Amino acid sequence: MNSTAVLERQNEILRRNIETMTMKNNKDGLSRQESSFYHTMVKEWHQNQHEINHKRE
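These lines cover the structure that appears in this document, whether it is placed above or below.

Procedures and definitions
- Residues numbered from 1 in each chain as written.
- Predicted model: local features only at pLDDT ≥ 70, side-chain atom pairs only at ≥ 80, totals over all residues.
- Heavy atoms only, no water.
- Helix = DSSP H or I, 4+ residues; strand = E, 2+ residues; numbered from the N terminus.
- Rg over C-alpha atoms; globule rule 2.2 N^0.38 Å.
- Buried < 20%, exposed > 50% of the residue type's maximum accessible area, 1.4 Å probe, protein only.
- Contact = heavy atoms within 4.5 Å.
- Areas by Shrake-Rupley, 256 points an atom, 1.4 Å probe, with all protein chains shown as cover.
- Core = buried A, V, L, I, M, F, W, Y, C linked by side-chain atoms within 4.5 Å.
- Expected span 1.5 Å × (residues − 1).
- Polar contact = N/O pair within 3.5 Å; in protein donor to acceptor, adjacent residues only side chain to side chain.
- Axes fitted to C-alpha atoms, helices over the stretch in contact; angles between N-to-C directions.
- Parallel < 35°, antiparallel > 145°, perpendicular 65-115°, else oblique.
- Left-handed = near helix turned anticlockwise from the far one by under 90°.
- Nonpolar A, V, L, I, M, F, W, Y, C, P; charged D, E, K, R; others polar.

The number of helices and strands found in the chain is two helices and zero strands. The C-alpha atoms of the chain give a radius of gyration of 13 Å, which is well past the 10 Å a tight globule of 57 residues would have. Once the C-alpha set of the chain is aligned to its principal axes, its extents read approximately 40 × 15 × 15 Å. Going through the 57 residues of the chain one by one, you find that 16% of them count as buried. Counting only contacts in the chain whose residues sit at least 6 apart along the sequence, the fraction spanning at least 24 positions is 65%. Accessible surface computed for the chain: about 4,600 Å², of which carbon and sulfur atoms make up 50%.

Okay, here's the thing in structure tokens:
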């Protein structure tokens, strides 16, 4: 597996986790710890997207 494939797989996992956290937030709200974790995942997802796009160029 090359590094782009690993980043794409990681992004897919992050996207699913972000989606789950978003649904929980909309339903019940998030605790401070969950909110912090959610924001960290979103930042990591964006960074990975940037790296994938940079490698494709």
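Formed by L14, I18, M21, Y38 and M41, the largest nonpolar core amounts to five residues. Elements with a minimum of two residues in this core: α1 (3-27) and α2 (32-56). Per-element tally for this core: the top contributor is α1, with three residues.

For α1, which comprises 25 residues, the first-to-last C-alpha distance of 36 Å matches the rise-based estimate of 36 Å (1.5 Å per residue) to within 8%. Buried positions along α1 lie against α2. The residue sitting at the N-terminus of α1 and contributing the capping side-chain oxygen is N2; that oxygen lies 3.3 Å from the backbone nitrogen of T4. Phi for G29, located one or two positions after α1, is positive at around 90°.

Below, the discussion takes up the packing of α1 against α2. Two elements in contact, α1 and α2, have axes whose closest approach is 9 Å; the angle formed by their N-to-C orientations is 150°. In this view, α1 runs roughly antiparallel relative to α2, as classed from their interaxial angle. For the pair α1 and α2, the sense of crossing is left-handed. For the contact of α1 with α2, a count of residues per class yields ten nonpolar, eight polar and eight charged.

Interpretation in functional terms is not warranted from these geometric data alone.
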